[in-house]
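# Coordinate analysis (summary)
Chain by chain, the residues run as shown.
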Amino acid sequence: FVSDGTNDLRTGNEYISAKGFVFRTSNLSVASGSTAAMFSAGTVTVRDDWGAWWNGTNFAAEIPYACRILVETLVFNYDSNQYLGPDVKRYYSSRASNESILRTDNKTGNPTGNGPMWSFTRDFAAGDEIEYNVYSLYVGSAQVMSGSATGWSQGSYGKWTVLRRY
């Protein structure tokens, strides 16, 4: 292993081990047709943060260098009548602008508990951030996303794993 001056471990080439795993510790009510941040003060547990990327103020992973990342998220529904989906945002250049890089638009009721776990690979630039959100496709009443104070296996989460540094 060699040091590149960061908190990441490297093997001497472009492959490194930086990853994170954060999960929601309480339920979240999402208003009809709206988007809400998956994480906020007092609602997040950081399970892994290799590389110290998690920002507990913006509730996002801050990317210190150009790299390819495997991004994963799970929206855990409170019951079978919830129409919720993930909305993962990419913020550019220290939050100067953003775009949704994963947003599902299927309006089928998810089973109680696990909805689909979403994952994708994307190239990011230094200064970008990954923010996890949830949105409601339902028109009518608020929908509830589950969180769990006892562990990520019972609640919604966000993960990131660096696959390659540029």
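Structure shown above.
How each quantity is defined
Residues numbered from 1 in each chain as written. Predicted model: local features only at pLDDT ≥ 70, side-chain atom pairs only at ≥ 80, totals over all residues. Heavy atoms only, no water. Buried < 20%, exposed > 50% of the residue type's maximum accessible area, 1.4 Å probe, protein only. Helix = DSSP H or I, 4+ residues; strand = E, 2+ residues; numbered from the N terminus. Contact = heavy atoms within 4.5 Å. Phe/Tyr/Trp six-rings, centres within 6.5 Å; stacked < 30°, edge-to-face > 60°. Lys NZ or Arg CZ within 6 Å of the ring centre and 35° of its normal. Pairing = 2+ DSSP bridges.

Although it is not a glycine, alanine 52 adopts a positive phi angle of roughly 55 degrees. Looking at alanine 52, the relative accessible area reads 51%, which means it is exposed. For phenylalanine 59, which is not glycine, the phi dihedral falls at a positive 55 degrees. On the basis of relative accessible area, phenylalanine 59 is assigned to the buried category, the value being 16%.

Take valine 44: it is sitting in strand S6 (residues 44-50). Of the residues examined, valine 44 reaches a relative accessible area of 22% and is grouped as partly exposed. Sequence spacing of valine 44 and serine 148 is 104 residues, and the spatial spacing of their C-alpha atoms is 9.6 Å. For valine 44, the contacting residues outside a window of four places in its chain are Val22, Phe23, Thr25, Phe39, Trp54 and Phe59.

Let us look at the packing of aromatic side chains. Enumeration over the complete set of coordinates arrives at five aromatic pairs. Their ring planes at 15 degrees and their centres at 5.9 Å tell us that tryptophan 54 and tryptophan 160 sit as a pair that is stacked. With tryptophan 54 in strand S7 (residues 54-55) and tryptophan 160 in strand S15 (residues 157-165), this residue pair connects regions lying 106 residues apart in the sequence. The exposure class assigned to tryptophan 54 is buried, which follows from its relative accessible area of 13%. Chaining the aromatic ring pairs together yields one cluster made of Phe39, Trp54, Tyr132 and Trp160. Lying over the aromatic face of tryptophan 50, lysine 19 brings its terminal NZ or CZ to 4.6 Å of the ring centre. A cation over a ring is seen here: arginine 103 above tyrosine 135, with NZ or CZ 3.6 Å from the ring centre.

Pairing between strand S3 (residues 19-24) and S15: five bridges, direction antiparallel. Opposite phenylalanine 21, over in S15, you have lysine 159 as the bridge partner. The pairing of strand S9 (residues 67-77) with S15 spans eight bridges and is classified as antiparallel. In the strand pairing of S15, isoleucine 69 is matched with valine 162.

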